[in-house]
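Tertiary structure, described
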Amino acid sequence: MSIYDSLNEQQREAVFNTEGPLLILAGAGSGKTRVLTHRIAYLIEEKKVNPWNILAITFTNKAAQEMRERVDRLAGGDAGSVWVSTFHSACVRILRRHIDRLGFENNFTIYDTDDQKSLIKDICTRLNVDTRVYKEKALMSQISRAKDELITPDQMETNGAGDYNVRKVAAVYREYQAQLCRNNALDFDDLIGKTVELFQNCGDVLESWQHRFRYIMVDEYQDTNTAQFRLVSLLASRYENLCVVGDDDQSIYSFRGANIGNILGFERVFPNARVIRLEQNYRSTQNILNAANEVISNNTERKPKRLWTENEEGSRVQFRQFANGFEEAEYVVGDIAAARREGRCRYGDCAVLYRTNAQSRLFEEKCLLANIPYRIIGGVNFYARKEIKDLLCYLKTVDNARDDLAVRRIINVPKRGIGAATIAKIQDYAELMNISFYDAVRVAEEIPSLGRSLGKINQFAEFIQMLRSKAEHYSVRELLEEIIDLTGYVTELKAEDTDEARSRIENIDELISKTVSYQEAMEEMGRQVTLSGFLEEIALVADIDSVEDGQDYVLFMTLHSAKGLEFPRVYLAGMDDGIFPGSLSIFSDNPSDMEEERRLCYVGITRAEKELTLTSARQRLVRGENRFYKVSRFVEEIPRELVDLGRKITEKKPKLENVISAKSSYGQMKISFRPTPLEKKDFKVTKADSLDYGVGDTVRHVKFGVGVVKNIVEGGRDYEVTVEFDRAGVKKMFAGFAKLKKIQD
DNA sequence: CGTAAAACTTTTTTT
DNA sequence: AAGTTTTACG
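Report on the accompanying structure. No experiment lies behind these values; they were computed from the predicted model shown.

Procedures and definitions
Residues numbered from 1 in each chain as written. Chains lettered and ligands numbered in written order. Predicted model: local features only at pLDDT ≥ 70, side-chain atom pairs only at ≥ 80, totals over all residues. Heavy atoms only, no water. Helix = DSSP H or I, 4+ residues; strand = E, 2+ residues; numbered from the N terminus. Buried < 20%, exposed > 50% of the residue type's maximum accessible area, 1.4 Å probe, protein only. Polar contact = N/O pair within 3.5 Å; in protein donor to acceptor, adjacent residues only side chain to side chain. Contact = heavy atoms within 4.5 Å. Near = heavy atom within 4 Å. Nonpolar A, V, L, I, M, F, W, Y, C, P; charged D, E, K, R; others polar. Core = buried A, V, L, I, M, F, W, Y, C linked by side-chain atoms within 4.5 Å. Salt bridge = Lys/Arg side-chain N within 4 Å of Asp/Glu carboxyl O. Patch = residues over 30% accessible without salt bridge, like charges linked within 9 Å, V, L, I, M, F, W, Y side chains within 5 Å. Areas by Shrake-Rupley, 256 points an atom, 1.4 Å probe, with all protein chains shown as cover. Lys, Arg positive; Asp, Glu negative; His and termini not counted. Charge placed at Lys NZ, Arg CZ, Asp CG, Glu CD.

**A closer look at the side chain of T309**
- Take T309: it is sitting in strand 10 (residues 308-309).
- The exposure class assigned to T309 is buried, which follows from its relative accessible area of 11%.
- For T309, the side chain forms a polar contact with the main-chain oxygen of N281, separated by 2.9 Å.
- In terms of polar contacts, T309 uses its side chain to reach the backbone amide nitrogen of N311, at 2.9 Å.
- If near-sequence neighbours (up to four positions away) are discounted, T309 is found in contact with N281, S284, T285, Q286 and L289.

Have a look at this one:
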């Protein structure tokens, strides 16, 4: 009896095939993490490979943590020195040791999206690039894509063949890189790119790491980009013990440069590669799996395959369409509450998935109302909040004073009377003398025409110097508390005495706790606690990383965040054409965009173990305006017999089947999917699905004449509309009675 | 220099 | 609707 007996034949083959390149095509829920962990255990226990020589790359820190725990359980303490980490953390670890070879200091700062944006903005003003024509975001993504493909500014310019726009972007890109270097900072893409550069420029460094990592495994291989592929190829080129695991059907990050060719072309790059397919699903019921198979079969750019399972058939996939987003949220939250009340699930078994973060708001409101414990993953990053960024920029300044961005952010926070004009003068001087912003601050006496500001600047410089000297013997927590104390940051917030200020203070308290838990975690692992380390961890965490199993709250997140997770009960909300698939992909002239959306849908469906509910709404409030939506084409792609529309089975079912079996043309499908849910049935007579007028519209009433709609409140039975009439004054009435007519302007 | 009001923009998804 | 950026004024 061994730990490998519990694996199926293909899984065992994947585990035992330890030498040479190996591609594991692992369908959703086919136990790929089990394979990877068992493979690592097998290498250590049976093949007597030194754990030190094994590298496993995962997609998120959470996945890394989980894998680490599972390997520890299988292989015991031996596994401690296996490297399990994400691409980004692995690269940071390597760069912290060697980046001086590329002209950076080893305590470099990592720039997040906000930092990148403000840097780009600065550069645009300096280079006289109009950010109305060249949007910062667009520039950022073009630069990022170039880096994903390991394209330098020079190459970009050459490839552009004189195109004016490309030359402009290349110029910004070139300056952006120069600024990063001056600030001793790297962005996310550079973490990968600079590591590749390091390996390509420094043969000795590459060689040492090649020997170190004799066995390399890469999870979620379908989401690697060209730079990551190059990195792995370089590392693995000595021993070629490279095992990659992926599923082309789950490739959902092409917007981030993921190159699906990496998985589709693996056998071309490594002609002696073995390919193993894992097609048995252990996660979902047959109904759910069939639905997923049918949806994904509409894609053409894929390796044909069909997952199967020995699991039970399970209940049908539930689909409900609602009048609007509010009712959708109400239903989902209510359904969860009911299921849990009846003992059919815990809160923690439920996850609600949607296409965009903005969709989380309605659900949050309903959960608060219903007193249901929940957690929203993603959205505005904790570390992106103003108060947190301010304090972090103090820490960054102490850690790396070459980070101009950080210094400029805090030089007048809290208010020190150093205004924009003064900052510009310091900036000009720094550029003139080719020194950093902070160095210019320290020699402020030499800057002409600073006037009264000079004293304030000197005070600021002294303050930072004092912090820097304290940092030597302070813990991160002590340093942070010292900063909070001496700047009076929290004192100032307390004085405000608003809810907002209180919540900011709470956030700051949480930041302090994070310094403590960081210190504890590092000490536990026997690693050194450094300020750079803390800042780096913060830069590289994703919200999803902090989700632990066994907590009892409902999870809300995007489909992207849900990748790699599974839940007994899954709700896919916002199944509307225009929401999911998003309108961008619908109107795109590149069919691949729609295929990627469909893969995302496949990922969503396959997260579900037992129960899957899809919901949509006819009408939604999007960015302040009402929009109408048809049911998502992905819903239509699920065979009718797998779907439960939630009607009363007794009376409606025969009729329904007539409609459905007639033909599956799009128009008829719409009819079959029209029913409103059971719960609302009683109200259906009186309550309109939606009103054809809204607040602010001019309407006519039979008796009161013309007026302007002031307010609309949704009651149980009807909409209560408040109208200010030109003659009759303000009246409240029920929409069903009032028969208001909208008047065109 | 700092604040408040007004105008303008936003369209995925994330390490 | 909400967030950010610009503008006006004290």
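After that view of the structure, there is still more to cover.
**Looking at the protein's contact with DNA strand C**
- Neighbouring DNA strand C are the residues K121, R361, R623 and G624.
- Of all DNA strand C atoms lying within 4 Å of any protein atom, the proportion belonging to sugar or phosphate reaches 50%.
- One of the side-chain nitrogen or oxygen atoms of R361 is found 3.3 Å away from a phosphate oxygen of DNA strand C.
- Of the residues that constitute the surface near DNA strand C, the class distribution is no nonpolar, 1 polar and 3 charged.

**A few points about the protein's contact with DNA strand B**
- Taken together, the neighbourhood of DNA strand B is formed by 26 residues, with K137, R355, N357, A542 and R623 sitting nearest.
- The sugar and phosphate moieties of DNA strand B supply 49% of its atoms located within 4 Å of the protein.
- Within the side chain of T422, a nitrogen or oxygen atom sits 3.2 Å from a phosphate oxygen of DNA strand B.
- Between a phosphate oxygen of DNA strand B and a side-chain N or O atom of T558, the distance comes to 2.9 Å.
- The greatest single-element share of the surface near DNA strand B, amounting to 3 residues, is contributed by helix 19 (residues 420-433).

**Section: the nonpolar core**
- Judged by nonpolar contacts, the single largest core of 52 residues is most densely connected at L392, L395, L511 and F534.
- L395 has contacts with L479, L480, I483, L531, F534 and L535, leaving out every residue within four places of it along the chain.

**Thoughts on the pattern of salt bridges**
- Counted according to the given criterion, the structure contains 48 salt bridges.
- Of the charged contacts in the structure, one is a salt bridge between E536 and R96, with a shortest N-O distance of 2.9 Å. Remark: R96 occurs in helix 4 (residues 87-98) and E536 occurs in helix 25 (residues 531-540); sequence separation between them is 440 residues. Judged on exposure class, the residue E536 and its partner R96 are both buried.
- A salt bridge links K303 to E267; its shortest N-O distance comes to 3.1 Å. On the criterion of sequence distance, the pair formed by K303 in the loop between helix 14 (286-296) and strand 10 and E267 in helix 13 (residues 266-269) is long-range, its members being 36 residues apart.
- Taken together, the shared-partner salt bridges connect K32, D219, E220, D223 and K563 into one network.

**Side note on a negative patch on the surface**
- Together, E69, D72, E548 and D549 make up a region of like negative charge exposed at the surface.
- Among the structural elements, D549 can be located in the loop between helix 25 and strand 14 (554-558).

**With respect to the environment of D189**
- Positionally, D189 belongs in helix 9 (residues 188-201).
- Look at D189 and you get buried, because its relative accessible area is 17%.
- Separated by 39 residues in sequence, D189 and L150 have C-alpha atoms that sit 9.5 Å apart.
- For D189, the contacting residues outside a window of four places in its chain are S144, K147 and D148.

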